[in-house]
Amino acid sequence: MQKALALILLAMAPMATPSPTEVVQSGIEQVVQVVQDYDAGHPEGAEKRRSEIRRVAGRLFDFQEMARRTLARHWSERTPGEREEFVSLFRDLLERSYIARLENYSGERIVYLGETVDGEYATVRSKILGRGSEMALAYRLHLVNSRWAVYDVLIEGVSFVGNYRSQFNRIISKGSYEDLVRKLKTGGLEGATLDRLERAAAVR
């Protein structure tokens, strides 16, 4: 009877929320495992790899928050339908731009240096150690429905969201929001901001 009561109480107890570092580390490890498990040299393997990476990324990143932050003041001017479309286009952009780079993982060591938590926000610091080189990565997270999710990544201190925000604002200011949507739909932005981000990080 006592054993049964103990099991009931255990089942009723709230599950501990994974720490920000645990969330990031688990997500990255899953991506690395996917890259190692599926042979991208075969069409079926490549598609399966991309599908699995998208699934993991969907749990690790808060794409709506990232999209909102990249549009900044322009977000409030959008209708609910426009916001939904933009989040979808932004997510597609990230997947196209980053999956190829994730697929190039070749055994670099990832070291987690610690985390800081301030209420509903947190930062996880890490670095990637390659052959004779290293790159600092910091993940910014916030709590969404009691679970930590990434809303920005800093490469050598350079904000991923900040770079997209600058580019998106420039396109809208010189043209229109419709111009930005058109570029997102046609792939006109693919890789451009990421290359700029990597160059900016390299000169710091």
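Look above for the structure.
Residues numbered from 1 in each chain as written. Predicted model: local features only at pLDDT ≥ 70, side-chain atom pairs only at ≥ 80, totals over all residues. Heavy atoms only, no water.

S.K.: Hey, could you run me through the overall build of the protein chain in this one?
M.R.: Looking only at helices and strands, the protein chain has eight helices and five strands in total. For the protein chain, the sequential pattern of α-helices and β-strands runs α-α-α-α-α-β-β-β-β-β-α-α-α. Evaluated residue by residue, the protein chain yields a buried proportion of 37% over its 204 residues. Across the protein chain, every contact between residues at least 6 apart in sequence was considered, and the portion connecting residues at least 24 apart equals 53%. Summing over all exposed atoms, the protein chain offers an accessible surface of approximately 12000 Å²; the carbon and sulfur share of this is 51%. (Helix = DSSP H or I, 4+ residues; strand = E, 2+ residues; numbered from the N terminus. Buried < 20%, exposed > 50% of the residue type's maximum accessible area, 1.4 Å probe, protein only. Contact = heavy atoms within 4.5 Å. Areas by Shrake-Rupley, 256 points an atom, 1.4 Å probe, with all protein chains shown as cover.)

S.K.: Explain the packing of aromatic side chains here, please?
M.R.: Two descriptors summarise a pair of aromatic rings, namely the distance from one centre to the other and the angle between the planes of the rings. Within this structure, the stated rule accounts for nine aromatic pairs. Measuring from centroid to centroid gives 6.1 Å for Tyr121 and Tyr151, while their planes differ by 85 degrees, and the two rings are edge-to-face. Of this pair, Tyr121 sits in strand β2 (residues 121-129) while Tyr151 sits in strand β4 (residues 147-155), and the two are 30 residues apart along the sequence. Exposure remark for Tyr121: the relative accessible area of 41% places this residue in the partly exposed category. (Phe/Tyr/Trp six-rings, centres within 6.5 Å; stacked < 30°, edge-to-face > 60°.)

S.K.: Would you mind going over the packing of helix α6 (residues 160-174) against helix α7 (residues 177-186) with me for this structure?
M.R.: When two helices pack together, their arrangement is given by the angle between the helix axes and by the axis-to-axis distance. Interhelical geometry of α6 versus α7 gives an angle of 125 degrees and a closest axis separation of 7 Å. With respect to each other, α6 and α7 are oriented oblique. On the side of α6, the interface is formed by Phe168, Ile171 and Ile172, while α7 contributes Tyr177, Asp179, Leu180, Lys183 and Leu184. (Axes fitted to C-alpha atoms, helices over the stretch in contact; angles between N-to-C directions. Parallel < 35°, antiparallel > 145°, perpendicular 65-115°, else oblique.)

S.K.: I tried to follow the environment of Val117 on my own but got confused; where do I start?
M.R.: With respect to the secondary-structure elements, Val117 resides in strand β1 (residues 109-118). In sequence terms Val117 and Leu141 are 24 residues apart; their C-alpha atoms lie 9.2 Å from each other. For Val117, the residues in contact, after removing those within four places along its chain, are Pro20, Ala122 and Trp148.

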